[in-house]
Amino acid sequence: MRRICNNTKSIAFRRDLWYTDSMIFRFTKSAGDHIHAMLASGQKAENRYCDWFVDILNGGDRKKYFLLTNAFSLFSVLIPAKGINSADTFLDFAKEELRDYFAHKNLEDLFVQYIEPNLAQVAITKTNSRSVQGSMNGMKEQIPFSINHFGDMSEKKNRFALDDGINRCPSKCANTGAGDYIYAEEFITSDVMKQPVPDEPIAVTKKPVQMYQMYAELSYYKPKVWRRFLISPNLDMEGVAFALMVMFNADNSHLYRFEIPVRKTKEKALKKQGLSANQIEEKLYGVRDVELVSYVDDEMDFMDDMFMANRLKKLPPARYEAYQVKLKKFLSEKNAECKFVYDFGDNWEFTLKLEKTDIQSADRKPHVLEGEGLGIIEDCGGIGGLTEIREAFARKFGEAYENYREWLGRREIDLEAFDVDEVNKVLGKL
């Protein structure tokens, strides 16, 4: 059904999603915080050319940049963030940069037909695709090196040269419907891009499935910040990591790892059997702890392993990439605890405990049952920084308060606030 708004723009309502012919920019939390934008959710574009993801990155030249990536083609442009500190200024810069880059690529006809008619109305929303964000993270790792090669990014010719390099590389995207890897430069002109976005499939009632009930708590911080939640044992550990980030207010802008204490767990079991210390040591020979990581870096891991073996006299852990391993592989009633570490600079640590393994649920998505506390604040300096922020906003005066107020872009912040419905709404989209 159709519904006409006051501004005469047409918006369709289908299965709890607003389909709109306006321009949509989907911000990560860190990018949204930079322009002090309130991020909504639930919108979906009918026009593939008008759906863009926005992230922010450090360019390696001591400057910040916005990365704009089309949700379907992964066609990307880079925008210097200097001077862009509000939604209005961002929109002005974004519209101009997209217009000029499409002209640079001789794609004016696509811009005029599909994008320009929708620039009068713009929606700023939250990110909604792990696949697109994952591809953007790959770009963000390479862009700082490219900036050093192409030169001063305040000059459009240099930015466009960098953009050309990005768009000639194959990337992985689940939103295209045309296979795993695509070349953004080719896909932006394809017939698929010119077709309307199809409706979401009608939901089908599913039988209850087995779920794990788990407890997670932010370590070393008071008052406690914790979540009790249900999650599928068949979910891979990358999915578990993303779910935890959503639960604890992280925005997936840093690396992570799970630490599985295999040796400690086996040692406890052997002690219960009444074995002597020598027998236990013999049984533990060659038993390694396990780390499930964002990605395996063989060169860096080798150096760490040599340090552990030669200097600390410890057996290095076995490492696997998180997407390769399911939750049930390492967490069970016999091995019920592990640690999740996010952002190796701020070093946020979370203790995870498996409480029940026999919960039946028709909702197969991760969902929170209860919890307390807002979670973390990205790039604040870890537990120490979070504590300083809590104390500064409790006083509401002083240099620390003014610095944090300016950095966060707000005068009030409630670190004890937790909205379980809002978190579950985001988890439902993973």
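Up top you'll find the structure we're talking about.
Thresholds, definitions, all that
- Residues numbered from 1 in each chain as written.
- Predicted model: local features only at pLDDT ≥ 70, side-chain atom pairs only at ≥ 80, totals over all residues.
- Heavy atoms only, no water.
- Pairing = 2+ DSSP bridges.
- Helix = DSSP H or I, 4+ residues; strand = E, 2+ residues; numbered from the N terminus.
- Axes fitted to C-alpha atoms, helices over the stretch in contact; angles between N-to-C directions.
- Contact = heavy atoms within 4.5 Å.
- Patch = residues over 30% accessible without salt bridge, like charges linked within 9 Å, V, L, I, M, F, W, Y side chains within 5 Å.
- Areas by Shrake-Rupley, 256 points an atom, 1.4 Å probe, with all protein chains shown as cover.
- Salt bridge = Lys/Arg side-chain N within 4 Å of Asp/Glu carboxyl O.
- Lys, Arg positive; Asp, Glu negative; His and termini not counted.
- Charge placed at Lys NZ, Arg CZ, Asp CG, Glu CD.
- Buried < 20%, exposed > 50% of the residue type's maximum accessible area, 1.4 Å probe, protein only.
- Core = buried A, V, L, I, M, F, W, Y, C linked by side-chain atoms within 4.5 Å.
- Phe/Tyr/Trp six-rings, centres within 6.5 Å; stacked < 30°, edge-to-face > 60°.
- Lys NZ or Arg CZ within 6 Å of the ring centre and 35° of its normal.
- Parallel < 35°, antiparallel > 145°, perpendicular 65-115°, else oblique.
- Left-handed = near helix turned anticlockwise from the far one by under 90°.
- Nonpolar A, V, L, I, M, F, W, Y, C, P; charged D, E, K, R; others polar.

### Things to note about the sheet that holds strand 7 (residues 64–70)
Move 1: The sheet built from five strands is open, its strands ordered 8-7-6-4-9 with mixed pairing. Each edge of the sheet is formed by a strand with only one pairing partner; in this case those strands are strand 8 (76–80) and strand 9 (122–126). Strand after strand, the sheet turns through a mean of 25° between neighbouring axes, direction not considered.
Move 2: Taken strand by strand, helix 2 (residues 87–104) contacts strand 4 (23–27), strand 6 (51–58), strand 7, strand 8 and strand 9, and its axis lies near 130° from that of strand 8.

### A few points about a negative patch on the surface
Move 1: The grouping of Asp 297, Asp 298, Glu 299 and Asp 304 at the surface amounts to a negative patch.
Move 2: Position of Glu 299 among the secondary structure elements: in helix 10 (residues 298–310).
Move 3: Judged by relative accessible area, Glu 299 falls into the exposed class, the value being 66%.

### Re unusual backbone geometry
Move 1: With an omega of -5°, the peptide bond running from Lys 222 to Pro 223 counts as cis.
Move 2: If you trace the backbone, Pro 223 turns up in the loop between strand 12 (209–218) and strand 13 (226–231).

### Here's the deal with the environment of Asn 118
Move 1: By the secondary structure assignment, Asn 118 is in the loop between helix 3 (108–115) and strand 9.
Move 2: The exposure class assigned to Asn 118 is buried, which follows from its relative accessible area of 8%.
Move 3: Distance from Asn 118 to Ile 389, taken between C-alpha atoms, is 41 Å for residues 271 residues apart in sequence.

### With respect to the nonpolar core
Move 1: If you look at the biggest cluster of nonpolar residues, it comprises 55 residues, and the most contacted ones within it are Phe 25, Phe 66, Leu 68, Phe 90 and Phe 102.
Move 2: It is helix 2 that contributes the most residues to this core, six residues altogether.
Move 3: With residues up to four places along the chain from it excluded, the contact list for Phe 102 reads Trp 52, Phe 75, Leu 107, Glu 108, Leu 110, Phe 111, Ile 115 and Ile 188.
Move 4: One finds Ala 216, Val 240, Trp 348 and Leu 352 within the second-largest nonpolar core, a separate group that totals 51 residues.

### Details of the packing of aromatic side chains
Move 1: On inspection of all chains with the given rule, the structure shows 17 aromatic pairs.
Move 2: Centre to centre, the rings of Phe 258 and Phe 340 are 4.8 Å apart; their planes meet at 40°, and the pair counts as tilted. On the criterion of sequence distance, the pair formed by Phe 258 in strand 14 (residues 256–260) and Phe 340 in strand 17 (residues 337–342) is long-range, its members being 82 residues apart. Taken as a pair, Phe 258 and Phe 340 share a single burial class, namely buried.
Move 3: Three or more aromatic residues joined by ring pairs make a cluster, and in this case those are Phe 75, Tyr 101, Phe 102, Phe 111 and Phe 160.
Move 4: Of note, Arg 48 hangs over the ring of Phe 72, and the distance from its end group to the ring centre comes to 5.0 Å.

### Considerations on the pairing of strand 7
A regular strand carries its side chains on alternate faces of the sheet.
Move 1: Counting buried positions over the seven residues of strand 7 gives six, a clear majority of the element.
Move 2: Bridge analysis of strand 6 against strand 7 gives seven bridges, and the strand direction is antiparallel. By the bridge assignment, Asp 55 is partnered in strand 7 with Leu 67.
Move 3: Hairpin connection from strand 6 to strand 7: five residues lie between these consecutive antiparallel strands, with Gly 60 at a positive phi of about 85°.
Move 4: Examined bridge by bridge, strand 7 and strand 8 share five bridges and lie antiparallel to one another.

### Section: the pattern of salt bridges
Move 1: Per the stated rule, a full pass over the model turns up 21 salt bridges.
Move 2: Measuring nitrogen to oxygen at the nearest pair gives 2.8 Å for the salt bridge that ties Arg 26 to Asp 51. Taken together, the positions of Arg 26 in strand 4 and Asp 51 in strand 6 put the pair 25 residues apart, joining distant regions of the chain.
Move 3: Judged by its relative accessible area of 2%, Arg 26 is buried.
Move 4: Using a relative accessible area of 4% as the deciding quantity, one classes Asp 51 as buried.
Move 5: Here Glu 422 and Lys 126 are joined by a salt bridge, their closest N and O atoms 2.8 Å apart. With Glu 422 in helix 14 (residues 420–427) and Lys 126 in strand 9, this pair connects stretches of sequence that are 296 residues apart.

### Topic: the packing of helix 4 (residues 130–150) against helix 5 (residues 156–167)
When two helices pack together, their arrangement is given by the angle between the helix axes and by the axis-to-axis distance.
Move 1: Closest axis-to-axis distance for the helix 4/helix 5 pair is 10 Å, and the angle between their directions is 140°. Classified by the interaxial angle, the pair formed by helix 4 and helix 5 is oblique. Relative to helix 5, the crossing made by helix 4 is right-handed. For the pair formed by helix 4 and helix 5, the contact residues are Met 139, Ile 143, Ser 146, Ile 147 and Phe 150 on the first element and Asn 158, Ala 161, Leu 162 and Ile 166 on the second.
Move 2: In terms of residue class, the contact of helix 4 with helix 5 is made up of seven nonpolar, two polar and no charged.

### Some remarks on a nonpolar patch on the surface
Move 1: On the surface, Leu 255, Tyr 295 and Phe 344 cluster together to form a nonpolar patch covering roughly 270 Å² of accessible area.
Move 2: Here Tyr 295 lies in the loop between strand 15 (290–293) and helix 10.
Move 3: A relative accessible area of 39% means that Tyr 295 is categorised as partly exposed.

Nothing here speaks to function; it is all geometry.
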